[in-house]
Amino acid sequence: MRITALSGGVGGARFLRGLVKHLDSRDSDEPHELTVIGNTGDDITLFGLRVCPDLDSVLYTLGGGVNESQGWGREDESFAVQAELKALAVEPQWFGLGDRDMGTHIARSLWLGQGQTLTDVTAKLARRWALPEQGVTLLPATNTPIETHVVIADPDSDDPTAERAVHFQEWWVRMQAKTEAKRFTVAGMGQAIPAPGVLEAIRNADLVILPPSNPVVSIGIILGIPGVRDALRGTRAPVVGVSPIIGGAPVRGHADACLRPLGVPVSAAGVAGLYVDFLNGWLVDDVDSDIAIPSGPHRITHRSQPLLMSDTDAASVIAGGAVELGLDLMQARTAP
Ligand code: GDP
Ligand code: CA
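Residues numbered from 1 in each chain as written. Chains lettered and ligands numbered in written order. Predicted model: local features only at pLDDT ≥ 70, side-chain atom pairs only at ≥ 80, totals over all residues. Heavy atoms only, no water.

## Observations regarding the overall build of the protein chain
Quick reminder of the rule: What counts as a helix is a DSSP run of H or I of at least four residues, what counts as a strand is a run of E of at least two, and both are numbered from the N terminus. Only protein chains enter the accessibility calculation, which uses a 1.4 Å probe; a residue whose area is less than 20% of its type maximum is buried, one above 50% is exposed, and one in between is partly exposed. We call two residues contacting when some pair of their heavy atoms lies within 4.5 Å. Areas reported here follow the Shrake-Rupley algorithm with a probe of radius 1.4 Å; residue values treat only the protein chains shown as occluding.
Helix and strand counts for the protein chain come out as 12 helices and 14 strands. Oriented by its inertia axes, the alpha-carbon framework of the protein chain measures out at about 70 × 50 × 35 Å. The 336 residues of the protein chain split such that 53% are buried. Within the protein chain, residue pairs in contact and separated by at least 24 positions form 68% of the contacts whose partners lie at least 6 positions apart. Surface accessibility of the protein chain: about 14,400 Å² in total, with carbon and sulfur atoms responsible for 52%.

Here it is in structure tokens:
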């Protein structure tokens, strides 16, 4: 079975770890191939280093090196370099980069500086974290540098209509998403092309899964790369999504502050509405079992089960539910 998943950081990574566990536990002679298309809109250059937070969360989580309580960064981490940068008054200090984590960013920046693509660099990092051994290929969504920006009211202006765009990380991390976002823009998106293998992975998959990642600044960014949405509409594989919203609120993070500027209800149904043109199956939490999915060009089948990824076993059961829904949709298509 060839499965392709689109992923952001923490929510995506935890789901994917559960998915790998589920696929390993399946009674099947056929080995699985899991291709993960990772969001690069969160990427940022700090202290001259290229940081790819979502790709790194996937690498560290699948590789067993993640700080479990945070869901990002490394376990057994120290902050000596950052402390020295602080002593030197080097900004920004609001983005914490640990010493081990910095090793990743130094290697990535070095390799990119030598002319390697982000695809190549990510493949090297994936080998470090034993992703190939797990049947996982991690692809950046694009090798074109893109950056999600958040348009907010300009805090330094008396003109109430004045706006300023800040890097997504500044809004998310420094401002804790408390400053109202007016809209999101993606610098570089006009020139962006999908990274090698991305469209093929969607078109040639047996099943496409959208993990419970942020629908706007994780999945939404990948969908905005020219060609990706069309590939999802055109793939013969069923597309199954897992809701990141349970009972009208995100499980963690600030997805609510991302949905509001789009005028999208903070609900499992609201998020499904963002995907109606290509979604076939939607997994929601039991508390949302009676949702009315917005109508679209085709039928969307929804099922409910507990969706809290409290640990890897729970995430594996959730991933199993998504795979089962996908298999049932495949079977319904081939049934006479
Ligand atoms: P980020 O890039 O680190 O913000 O991570 P993602 O975009 O991949 O995932 C963020 C989303 O994951 C948030 O909208 C959360 O609501 C969702 N999420 C986190 N933990 C859980 C969980 O246990 N269950 C579900 N259903 N969603 C979750
Ligand atoms: Ca992210």
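## Some words on the site of ligand 1
The following threshold applies: Only heavy atoms are used to decide nearness, and a residue is near a molecule or strand if one of them lies within 4 Å of it. Polar contact is defined as a pair of N or O atoms within 3.5 Å, subject to the rule that within protein one atom must be able to donate a hydrogen and the other to accept it, and that residues adjacent in sequence are counted only when both atoms are side-chain atoms. The method works on a 1 Å grid over the protein atoms by themselves. A cavity is a set of points holding a 1.4 Å probe that cannot get out, a pocket is an open set with protein on both sides within 12 Å along at least five of seven lines, and residues with an atom within 4 Å of a point line them. Cavities and pockets are treated as containing a molecule whenever more than half of the molecule's atoms lie within 2 Å of their grid points.
With respect to spatial proximity, 20 residues lie near ligand 1, and among them Pro212, Ser213, Ser218, Leu307 and Met309 are the closest. Gly9 is positioned such that a nitrogen or oxygen atom in its backbone is 2.9 Å from an oxygen atom of ligand 1. Contacts to ligand 1 include Gly12, whose backbone N or O atom sits 2.8 Å from an oxygen atom. Because more than half of its atoms lie within 2 Å of the grid, ligand 1 is assigned to the largest pocket.

## Some details on the sheet that holds strand S7 (residues 163–167)
Note the threshold: Paired strands, in this sense, are two strands between which DSSP finds at least two bridges. Helix axes use the C-alpha atoms of the stretch in contact, all axes being lines fitted to C-alpha atoms, and the angles between their N-to-C directions lie in the range 0 to 180 degrees.
With respect to topology, 3 strands assemble into an open sheet ordered S7-S6-S8, the strand pairing being antiparallel. Only two strands of the sheet have a single neighbouring strand rather than two, namely S7 and strand S8 (183–187). Direction aside, the axes of adjacent strands within the sheet are offset by 35 degrees on average. As paired strands, strand S6 (residues 147–153) and S7 are joined by 5 bridges and run antiparallel to one another. Bridging from a neighbouring strand, Ile152 pairs with Arg164 of S7.

## Things to note about the layout of surface pockets
Counted only if it meets this: Grid points are joined across faces, edges and corners, and a volume is the space filled by probe spheres set on the points. Asp, Glu, Lys and Arg are counted as charged, while Ala, Val, Leu, Ile, Met, Phe, Trp, Tyr, Cys and Pro are counted as nonpolar; the rest, among them Gly, fall into the polar class. The source of the domain bounds is an automatic or database domain assignment.
Here the largest pocket defines a volume of roughly 1,100 Å³. Gly9, Val10, Trp72, Trp172 and Arg252 are, among the 50 residues lining the largest pocket, the residues nearest its centre. Where the lining of the largest pocket is concerned, the elements lending two or more residues are helix H1 (10–25), helix H2 (53–63), helix H4 (99–113), helix H6 (168–174) and helix H12 (312–334). Tallied by class, residues from the lining of the largest pocket come to 23 nonpolar, 18 polar and 9 charged. Counting contributing residues, the lining of the largest pocket receives three or more from each of domain 1 (2–44 + 54–63 + 117–143 + 193–334) and domain 2 (147–190). In this structure, the second largest pocket encloses a volume near 170 Å³. Taken together, Met1, Leu23, Asp24, Arg26, Asp27, Ser28, Glu30, Pro31 and His32 form the lining of the second largest pocket.

## Some details on the environment of Val66
Locating Val66 in the fold gives a position in the loop between H2 and helix H3 (80–87). In the structure, Val66 is positioned 74 residues away from Pro140 in sequence and 19 Å away in space, judged by C-alpha atoms. The contacts of Val66, once residues within four sequence positions are left out, are Arg17, Tyr60, Thr61, Gly71, Trp72, Gly73, Arg74 and Glu75.

## Some words on the coordination of the calcium ion (ligand 2)
What counts here: Counted as donors are the N, O and S atoms within 2.8 Å of the metal, or 3.2 Å for Na, K and Ca, while water is not among the atoms, so some sites may look incomplete.
Bound to the calcium ion (ligand 2) on the protein side are Asp42 (OD), Asp54 (OD) and Asp54 (OD), at distances that span 2.0 to 2.7 Å. Separated by 12 residues along the polypeptide, Asp42 in the loop between strand S2 (33–38) and strand S3 (44–46) and Asp54 in helix H2 bring together distant segments of the chain. The same class applies to Asp42 as to Asp54, namely buried.

## Focus on the nonpolar core
Quick note on the threshold: Buried Ala, Val, Leu, Ile, Met, Phe, Trp, Tyr and Cys residues that are joined via side-chain atoms within 4.5 Å together make up what is termed a nonpolar core.
In terms of nonpolar packing, the biggest core is built from 54 residues, with Trp171, Val228, Leu232, Tyr275 and Trp282 touching the most fellow members. Three or more residues apiece are contributed to this core by two domains, here domain 1 (2–44 + 54–63 + 117–143 + 193–334) and domain 2 (147–190). Residues Cys52, Tyr60, Val121 and Leu307 belong to the second largest nonpolar core, which totals 41 residues.

## Considerations on H1
Keep this limit in mind: Multiply 1.5 Å by the residue count of a helix minus one, and that product is the helix's expected span.
Spanning 16 residues, H1 covers 23 Å between terminal C-alpha atoms, matching the ideal 22 Å at 1.5 Å per step. Of all the 16 residues making up H1, 12 are buried; the element is thus mostly covered by neighbouring parts of the structure. Listed in full, the buried residues belonging to H1 are Val10, Gly12, Ala13, Arg14, Phe15, Leu16, Arg17, Gly18, Leu19, Val20, His22 and Leu23.

## So, the pairing of S2
Counting buried positions along S2 gives 5 out of 6 residues, so the element sits mostly inside the fold. Sheet analysis places strand S1 (residues 2–7) next to S2, joined by 6 bridges and oriented parallel. The residue bridging Ile3 from the neighbouring strand is Leu34, located in S2.

## What about the pattern of salt bridges?
Let me state the cut-off plainly: By definition, a salt bridge exists where a carboxyl oxygen of Asp or Glu is found within 4 Å of a side-chain nitrogen of Lys or Arg.
If you walk through the whole model with that rule in mind, you get 16 salt bridges. A salt bridge links Arg164 to Asp154; the shortest N-O distance between them is 3.4 Å. Of this pair, Arg164 sits in strand S7 while Asp154 sits in the loop between S6 and S7, and the two are 10 residues apart along the sequence. When its relative accessible area of 30% is taken as the criterion, Arg164 is described as partly exposed. Residue Arg233 pairs with Asp230 through a salt bridge whose shortest N-O separation is 2.9 Å. Here Asp230 and Arg233 lie together in helix H9 (residues 228–234), a separation of 3 residues that amounts to about one turn. In this structure, a network of salt bridges that share partners links the residues Arg229, Asp230, Arg233 and Asp277.

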